[in-house]
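# Examining the three-dimensional arrangement
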Amino acid sequence: MYTGLLHLHNLLRYVIVILLILAVVKSFIGWFGKKEYTAADNKISLFLLISAHLQLLIGLALYFIGGHHNAWQNVAETMKSDVTRFWSVEHIASMIIGIAIITLGRIMAKKGKSDNAKHRRQAIYFVLAMVLIFSSIPWPFSAVARPWF
Ligand code: HEM
């Protein structure tokens, strides 16, 4: 079960990466090009929100099933190792904050009074989430690395 969830979590990363890039690029084009906020823009942000929340649920399951929460029993030891610190603290904290920013960005964009305000708000929030999420993914070239697939 753990391995299946880990594969799903790994693959869902690409859905989030692609949707985030698409949403950010479209928001900046919409913002600076003074374009309409279309139904397609809304759909991309909705699918991003759903995938991010699904990733959060799978991540929480991995965290508890995989026993990463036990790291809190000896905090000093956990913090000493780059690997245990990454999985028990850094990955989880950055991702939860990143997903919260995506959620907030969608809410704020919906509340925007004009199409330009919607694009601007979405661009700012999603860029912040993107920096946080992309920098906390264990890429094959990161300090704590995992394979591409
Ligand atoms: C956008 C959000 C996230 C992305 C893109 C992401 C990405 C990843 C990736 C690529 C892996 C490695 C998968 C593999 O080795 O095949 C991983 C592992 C993991 N993630 Fe996430 N993650 C996200 C959010 C979360 C959240 C919110 C949590 C917990 C609350 C979490 C907990 C974990 C755990 C426990 C592991 C497994 C560590 C191990 O191998 O034991 N992730 N994540």
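Procedures and definitions
- Residues numbered from 1 in each chain as written.
- Predicted model: local features only at pLDDT ≥ 70, side-chain atom pairs only at ≥ 80, totals over all residues.
- Heavy atoms only, no water.
- Salt bridge = Lys/Arg side-chain N within 4 Å of Asp/Glu carboxyl O.
- Helix = DSSP H or I, 4+ residues; strand = E, 2+ residues; numbered from the N terminus.
- Buried < 20%, exposed > 50% of the residue type's maximum accessible area, 1.4 Å probe, protein only.

## Observations regarding the pattern of salt bridges
When their charged atoms lie close together, side chains carrying opposite charge are able to pair. Applying the stated rule across the entire model yields 4 salt bridges. For Lys80, the salt bridge goes to Glu77, with nearest N and O atoms at 3.0 Å. With a gap of 3 residues between them, Lys80 and Glu77 both fall in helix H3 (residues 75-80), about one helical turn apart. Look at Lys80 and you get exposed, because its relative accessible area is 64%. Residue Glu77 is classed as partly exposed on the basis of its relative accessible area, which comes to 43%. The salt bridge partner of Arg85 is Asp82, with a shortest N-O separation of 3.1 Å. With a gap of 3 residues between them, Arg85 and Asp82 both fall in helix H4 (residues 82-111), about one helical turn apart. A residue is classified by how much of its surface remains accessible, and Arg85, at 24% relative accessible area, is partly exposed. Salt bridges here are not isolated pairs; linked through shared partners, they connect Asp82, Arg85 and Glu90.

## Observations concerning the environment of Lys111
Take Lys111: it is sitting in helix H4. The spacing of Lys111 and Glu90 is 21 residues in sequence and 31 Å in space, taken between C-alpha atoms.

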